[in-house]
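Chains, contacts and geometry: an overview
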Amino acid sequence: MKIWFRTIGVAAATVVLASCAHVTDATKTANLIAAAQDTVQAMKRSPNIRGFNKMLADAQGVAVFPALIKGGLLIGAEGGSGVVLSRKADGSWGYPAFYTLAAGSFGLQAGVQTAGVILVIRKKKAIEAIVKHQGKLGADISAAAGSRGVGYEGAVTTNLNFDIVAFASNSGFFAGASLEGSALIRRNDYNRAYYGGNPTPAQILLEHTVQNPAADRLRRAIAGG
């Protein structure tokens with residue numbers, strides 16, 4: 001089962017990356033940052049996504065995927081690029097590192113769906129797992145689905161023992177089973193294009209030694225400004 005998930009996840013990531021090959025990395029990263037900002041603001045305003053704002057306020061990190069694509073028949077695949085941000089020691093938000101989320105899922109499904117997905121990262125150890133191991137959900141990181149309107153008021157308390165809670169703009173898009181086997185894959189090419197040089201995810205998310213003022217509006221949107 002794990003081999004199937006890994007294979008499907010890699011295939012999903014390959015399709016996503018190949019579909020945008022003709023656009024420069026600088027343009028892709030700028031577009032992703034703008035789309036991530038829109039996704040955060042839309043989800044914070046939505047009355048149907050309960051518990052999201054409170055959980056985001058207490059988060060150690062956040063991963064924003066503006067357009068996660070899911071499709072398939074019986075065996076499905078999900079994929080999409082986005083950004084991961086983590087809090088600094090002073091509580092402010094750091095700058096984004098670029099990642100692709102790839103996943104495989106089984107079940108009765110058909111057709112293609114697209115949704116904005118935000119992973120609220122509740123624990124520092126989950127950020128470290130993403131940086132060091134590319135964050136395999138269900139293995140390195142425990143995860144739960146908090147899709148639209150599913151009564152997640154209870155999830156805003158500290159009693160929830162999950163490292164990550166996923167919220168989606170499309171109801172039912174992210175079932176718990178489809179979180180298993182997901183992987184956050186580093187986009188070093190995007191990080192280089194956005195920051196210059198060869199920054200590592202550790203420098204961006206743990207050491208906070210890299211910055212680009214073009215992401216300040218996204219940081220403010222997450223912080224509530």
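First, a word on scope: everything that follows refers to the structure included in this document. If you're wondering where the values come from, they're calculated on a predicted model, not measured in any experiment. (Residues numbered from 1 in each chain as written. Predicted model: local features only at pLDDT ≥ 70, side-chain atom pairs only at ≥ 80, totals over all residues. Heavy atoms only, no water.)

What to know about the environment of glycine 196
Locating glycine 196 in the fold gives a position in the loop between α6 (188–195) and α7 (201–207). Between the C-alpha atoms of glycine 196 and asparagine 212, which are 16 residues apart in sequence, the distance is 9.7 Å. (Helix = DSSP H or I, 4+ residues; strand = E, 2+ residues; numbered from the N terminus.)

Some points on unusual backbone geometry
Phi at histidine 208 is positive, roughly 55°, even though this residue is not glycine. Mapped onto the fold, histidine 208 is located in the loop between α7 and α8 (216–223).

Brief notes about the side chain of threonine 29
The residue threonine 29 is located in helix α2 (residues 25–45) in this model. Classification of threonine 29 as buried rests on a relative accessible area of 1%. Excluding anything up to four places from it in sequence, threonine 29 contacts Phe98, Tyr190 and Tyr194. (Buried < 20%, exposed > 50% of the residue type's maximum accessible area, 1.4 Å probe, protein only. Contact = heavy atoms within 4.5 Å.)

Observations concerning the environment of glutamine 134
The residue glutamine 134 is located in the loop between α4 (124–133) and β5 (143–145) in this model. In sequence terms glutamine 134 and alanine 183 are 49 residues apart; their C-alpha atoms lie 6.4 Å from each other. Not counting the four nearest positions on each side in its chain, glutamine 134 is found in contact with Ala129, Ala183, Leu184, Ile185 and Arg186.

Some thoughts on the environment of proline 201
Tracing the chain through its elements places proline 201 in helix α7. Setting aside residues up to four positions removed in sequence, proline 201 forms contacts with Tyr99, Val131, Arg186, Asn188 and Leu206.

Notes on the packing of aromatic side chains
Counted by the stated rule, this structure contains four aromatic pairs. For the pair phenylalanine 52 and phenylalanine 167, a centre-to-centre distance of 5.4 Å together with 75° between the ring planes defines the contact as edge-to-face. Of this pair, phenylalanine 52 sits in helix α3 (residues 52–57) while phenylalanine 167 sits in strand β6 (residues 164–168), and the two are 115 residues apart along the sequence. Taking the relative accessible area as the measure of exposure, phenylalanine 52 reaches 1% and is therefore buried. Accessibility expressed as a relative area gives 0% for phenylalanine 167, which makes it buried. Aromatic side chains tyrosine 194 and tyrosine 195 sit 5.1 Å apart centroid to centroid with 90° between the ring planes, which places their arrangement in the edge-to-face category. (Phe/Tyr/Trp six-rings, centres within 6.5 Å; stacked < 30°, edge-to-face > 60°.)

What to know about the pattern of salt bridges
Enumeration according to the criterion identifies six salt bridges in this entry. With its nearest N and O atoms 3.6 Å apart, the salt bridge here joins aspartate 163 to lysine 123. Residue aspartate 163 is found in the loop between β5 and β6, and its partner lysine 123 is found in the loop between β4 (112–121) and α4; the two are separated by 40 residues along the sequence. A residue is classified by how much of its surface remains accessible, and aspartate 163, at 4% relative accessible area, is buried. In this structure, lysine 125 engages aspartate 163 in a salt bridge whose closest nitrogen and oxygen atoms are separated by 3.8 Å. Of this pair, lysine 125 sits in helix α4 while aspartate 163 sits in the loop between β5 and β6, placing them 38 residues apart in sequence. If you follow the salt bridges from partner to partner, you end up with Lys123, Lys125 and Asp163 in one network. (Salt bridge = Lys/Arg side-chain N within 4 Å of Asp/Glu carboxyl O.)

Here's the deal with the packing of α2 against α8
Running from N to C, α2 and α8 point in directions that differ by 15°, and their axes come no closer than 9 Å. With respect to their mutual orientation, α2 and α8 come out roughly parallel. Seen from above, α2 lies across α8 with left-handed handedness. Counting all contacts with α2, which are made through Ile33, Ala36, Gln37, Val40, Gln41 and Lys44, the residues of α8 involved are Arg217, Leu218, Ala221, Ile222 and Ala223. Its residues placed into classes, the contact of α2 with α8 shows seven nonpolar, two polar and two charged. (Axes fitted to C-alpha atoms, helices over the stretch in contact; angles between N-to-C directions. Parallel < 35°, antiparallel > 145°, perpendicular 65-115°, else oblique. Left-handed = near helix turned anticlockwise from the far one by under 90°. Nonpolar A, V, L, I, M, F, W, Y, C, P; charged D, E, K, R; others polar.)

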